[in-house]
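Next come the chains, spelled out residue by residue.
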Amino acid sequence: IDFSSEDSAVRDAAASKAQWAVVYILIFGVIDSLLDFWNFFLFVVVQQKVVRSLKLRLFGSLLKQELGFFDSEASGDLMSRLTGDTVEMSENLSFVFRFSIEAVVR
């Protein structure tokens with residue numbers, strides 16, 4: 001792009017090219033932002049479904065334990081482990097899946 005030319009037609013063509021370059025950058029930036037939003041949104045939905053499923057399976061497993069198990073383990077500790085560990089695991093999994101897919105796509 002030659003803005004230093006004394007020919008007005010060359011300067012106008014250069015200005016037009018620069019304007020279109022800015023427009024393209026803005027358009028692709030908006031598209032990239034929208035795709036990033038949907039990527040994040042979908043992974044949050046998947047993460048919540050994984051957490052729910054895991055919590056239900058673990059709680060079902062706890063209900064099948066013998067009564068002696070609950071004498072040796074504090075119920076607060078069990079519930080804390082159930083909630084904390086499942087959330088942490090799902091965050092780690094969603095992080096890995098999200099950035100793996102982004103790396104493949106980009």
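Just above sits the structure.
Not measured: the values here are computed from a predicted model.

Engineer: I would appreciate a short explanation of the packing of aromatic side chains in the present structure.
Structural biologist: The relative placement of two aromatic rings is captured by the distance of their centres and the angle of their planes. Taken as a whole, this structure holds five aromatic pairs when the rule is applied. Aromatic rings pair up to connect Phe-37, Trp-38 and Phe-41 into one cluster.

Engineer: Please clarify how the packing of helix H1 (residues 8-63) against helix H3 (residues 75-105) should be interpreted in this entry.
Structural biologist: A packed helix pair is summarised by two numbers, namely the angle formed by the two axes and the spacing between the axes. Taken N-terminus to C-terminus, the directions of H1 and H3 make an angle of 145°; their axes are 9 Å apart at the nearest point. Considering how the two elements wind past one another, H1 and H3 form a crossing that is right-handed.

Engineer: Explain a nonpolar patch on the surface here, please?
Structural biologist: There is a patch of nonpolar side chains on the surface, built from Val-46, Val-50, Met-89, Leu-93, Phe-95, Val-96, Phe-97 and Phe-99 and spanning about 700 Å² of accessible area. Elements with a contribution of two residues or more to the nonpolar patch: H1 and H3. Looking at which element gives the most residues to the nonpolar patch, the answer is H3, with six residues. As for its position among the elements, Val-46 is in helix H1. The exposure class of Val-46 is partly exposed, given its relative accessible area of 45%.

Engineer: What is the right way to read the pattern of salt bridges from this model?
Structural biologist: Oppositely charged side chains may form a pair once their charged atoms are brought near each other. By the definition in use, this model includes one salt bridge. Between Arg-81 and Asp-85 there is a salt bridge, and its shortest N-O distance comes to 2.7 Å. Of this pair, Arg-81 and Asp-85 both sit in helix H3, separated by four residues, roughly a single helical turn.

Calculation criteria
Residues numbered from 1 in each chain as written. Predicted model: local features only at pLDDT ≥ 70, side-chain atom pairs only at ≥ 80, totals over all residues. Heavy atoms only, no water. Phe/Tyr/Trp six-rings, centres within 6.5 Å; stacked < 30°, edge-to-face > 60°. Axes fitted to C-alpha atoms, helices over the stretch in contact; angles between N-to-C directions. Helix = DSSP H or I, 4+ residues; strand = E, 2+ residues; numbered from the N terminus. Left-handed = near helix turned anticlockwise from the far one by under 90°. Patch = residues over 30% accessible without salt bridge, like charges linked within 9 Å, V, L, I, M, F, W, Y side chains within 5 Å. Areas by Shrake-Rupley, 256 points an atom, 1.4 Å probe, with all protein chains shown as cover. Salt bridge = Lys/Arg side-chain N within 4 Å of Asp/Glu carboxyl O. Buried < 20%, exposed > 50% of the residue type's maximum accessible area, 1.4 Å probe, protein only.

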